[in-house]
Amino acid sequence: MNDTAMKGMETALRSYYRKLDELQVKKRALEAVEKNAEDIRRILLDVNQLIPSKGTVSSYRPVTGGGSGLVCDPTAQAYAEFTRSMEKSQRELVILLEKKIRLKMEIMHLESSIEGIGFALNLLDSVERMICEQYYGLKRKSNLQIGLALNMDEKTIRYRRKNINQKLSDYLKVKHLVKSS
């Protein structure tokens, strides 16, 4: 494996682990958005069961003062304030649902972009995967640190990394050739 191919594979692995982390962040954000949307939906459903119908409210006799358009009937005023509050909640729900759709699309895009390397990494043995994760992951460790953690020599880690990159590169080339035909 030449240096250019090795660097390309290393870049792909770093990108994989970065995207994997981004994917987890987006999944947590999606859970929060779904929970918030469900809470608002539940509130809107509960409230709709408690409020009086529009027909009842239309019989209120609002008294406006001095042409300012203020409603002085406390019940009508409370209902108007309540209606504004519910409209605000409905707008917030729409915004959350749009955000949910965007997050789901981003998650699908990230999942598809890491699928190949993720599958290739699963073909490696557990020690090789651990070396990849520790060397290329977000909390990057040196060959020496990995060697100490795995009770191996630093040169062994460097050699195994080279073999791992070759295996992954070979697999991804075969996969790419199968896809293009």
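See above for the structure.
These numbers come from a predicted model, not from an experiment.

Novice: Help me understand the layout of surface pockets, please; the structure alone is not making it clear to me.
Specialist: To find leftover empty space, a probe the size of one water molecule is rolled over the atoms. Size it by volume and the largest pocket reaches roughly 360 Å³. Together, 16 residues line the largest pocket, and Tyr 17, Leu 20, Glu 133, Gly 137 and Leu 138 are the ones closest to its centre. Residue classes in the lining of the largest pocket are distributed as six nonpolar, five polar and five charged.

Novice: Sorry if this is basic, but what is going on with helix H5 (residues 143–150) here?
Specialist: Structurally, the α-helix is built with 3.6 residues per turn, so residues lying three or four positions apart point the same way. For H5, the complete set of buried residues consists of Asn 143, Ile 146, Gly 147 and Leu 150. Down the axis of H5, the smallest arc covering the buried residues is 100°, so these residues share one side. Relative to its buried face, H5 has exposed residues pointing more than 90 degrees away, namely Leu 148 and Ala 149. Looking at the residues trailing H5, positive phi occurs at Asn 151, about 60°.

Novice: Hey, could you run me through the packing of aromatic side chains in this one?
Specialist: A ring pair, where both rings are aromatic, is described by two values, the distance of the centres and the angle of the planes. With the rule as written, the count across this model stands at three aromatic pairs. Measuring from ring centre to ring centre gives 5.8 Å for Phe 119 and Tyr 171, while their planes differ by 40°; the resulting arrangement is tilted. In this pair, Phe 119 is assigned in helix H3 (residues 74–122) and Tyr 171 in helix H6 (residues 154–180), connecting sequence segments 52 residues apart. Among the residues examined, Tyr 171 registers a relative accessible area of 23% and is labelled partly exposed. The positively charged end of Arg 161 is found above the aromatic ring belonging to Tyr 135, 3.7 Å away from the centroid.

Novice: When you look at the nonpolar core in this model, what are you seeing that I'm missing?
Specialist: In this structure, Leu 13, Leu 121, Cys 132 and Leu 168 are the most contacted members of the largest nonpolar core, which totals 31 residues. At the level of secondary structure, the elements contributing two or more residues to this core comprise helix H1 (3–50), H3, helix H4 (126–136), H5 and H6. The element best represented in this core is H1, accounting for 11 residues. The contacts of Leu 121, once residues within four sequence positions are left out, are Leu 13, Tyr 16, Tyr 17, Arg 129, Cys 132 and Leu 168.

Novice: Looking at this structure, I do not really get the side chain of Asn 143. What am I missing?
Specialist: Turning to its location among the elements, Asn 143 is positioned in helix H5. With a relative accessible area of 10%, Asn 143 lands in the buried category. Polar contacts involving the side chain of Asn 143 include one to the side chain of Arg 161, which spans 2.9 Å.

Novice: What exactly am I supposed to notice about the pattern of salt bridges here?
Specialist: Opposite charge on two side chains allows them to pair when their charged atoms are near. Scanning all chains against the criterion turns up 11 salt bridges. Two residues, Asp 39 and Lys 35, come together in a salt bridge whose shortest N-O distance is 3.0 Å. Taken as a pair, Asp 39 and Lys 35 lie in helix H1 at a separation of four residues, close to a single helical turn. By relative accessible area, Asp 39 is classed as partly exposed at 27%. For Lys 35, a relative accessible area of 52% corresponds to the exposed category. Its salt-bridge partner being Glu 154, residue Arg 158 comes within 3.4 Å of it at the nearest N-O pair.

About the cut-offs
- For every chain, the first residue of the written sequence is number 1, and numbering continues from 1 onward in sequence order.
- Side-chain atom pairs in this predicted model are given and counted only at pLDDT of 80 or more, local residue features only at pLDDT of at least 70, and totals for whole chains, interfaces and linings cover all residues.
- The side-chain quantities take in all heavy atoms of the structure and omit both hydrogens and water.
- Any residue with an atom within 4 Å of a point lines the site, the site being either a cavity, points on a 1 Å grid over the protein atoms alone where a 1.4 Å probe fits but cannot get out, or a pocket, an open set with protein on both sides within 12 Å along at least 5 of 7 lines.
- Grid points are joined across faces, edges and corners, and a volume is the space filled by probe spheres set on the points.
- In this classification, the charged set is Asp, Glu, Lys and Arg, the nonpolar set is Ala, Val, Leu, Ile, Met, Phe, Trp, Tyr, Cys and Pro, and all remaining amino acids, among them Gly, are polar.
- Under the scheme applied here, a residue whose accessible area is under 20% of the maximum for its type counts as buried, over 50% as exposed, and between as partly exposed, the area being computed with a 1.4 Å probe on protein chains only.
- Secondary structure is summarised from DSSP: a helix means a run of H or I of at least four residues, a strand means a run of E of at least two, and numbering begins at the N terminus for each.
- When we speak of the arc, we mean the arc of directions from the helix axis to the C-beta atoms.
- Only the six-membered ring of Trp is used, alongside the rings of Phe and Tyr, when aromatic pairs are assigned; centres must lie within 6.5 Å, and planes under 30 degrees apart are stacked while those over 60 apart are edge-to-face, with the rest tilted.
- Distance and angle both matter: a charge sits over a ring if NZ of Lys or CZ of Arg is within 6 Å of the ring centre and within 35 degrees of the ring normal.
- Definition of nonpolar core: a set of buried residues of the types Ala, Val, Leu, Ile, Met, Phe, Trp, Tyr and Cys, connected through side-chain atoms within 4.5 Å.
- In what follows, residue pairs with any heavy atoms lying within 4.5 Å of each other are defined as contacts.
- The term polar contact refers here to a pair of N or O atoms within 3.5 Å; inside protein, the definition further demands a hydrogen-donor-capable atom paired with an acceptor-capable atom, and it admits residues adjacent in sequence only when both atoms are side-chain atoms.
- Salt-bridge detection follows one rule: a side-chain nitrogen of Lys or Arg within 4 Å of a carboxyl oxygen of Asp or Glu.

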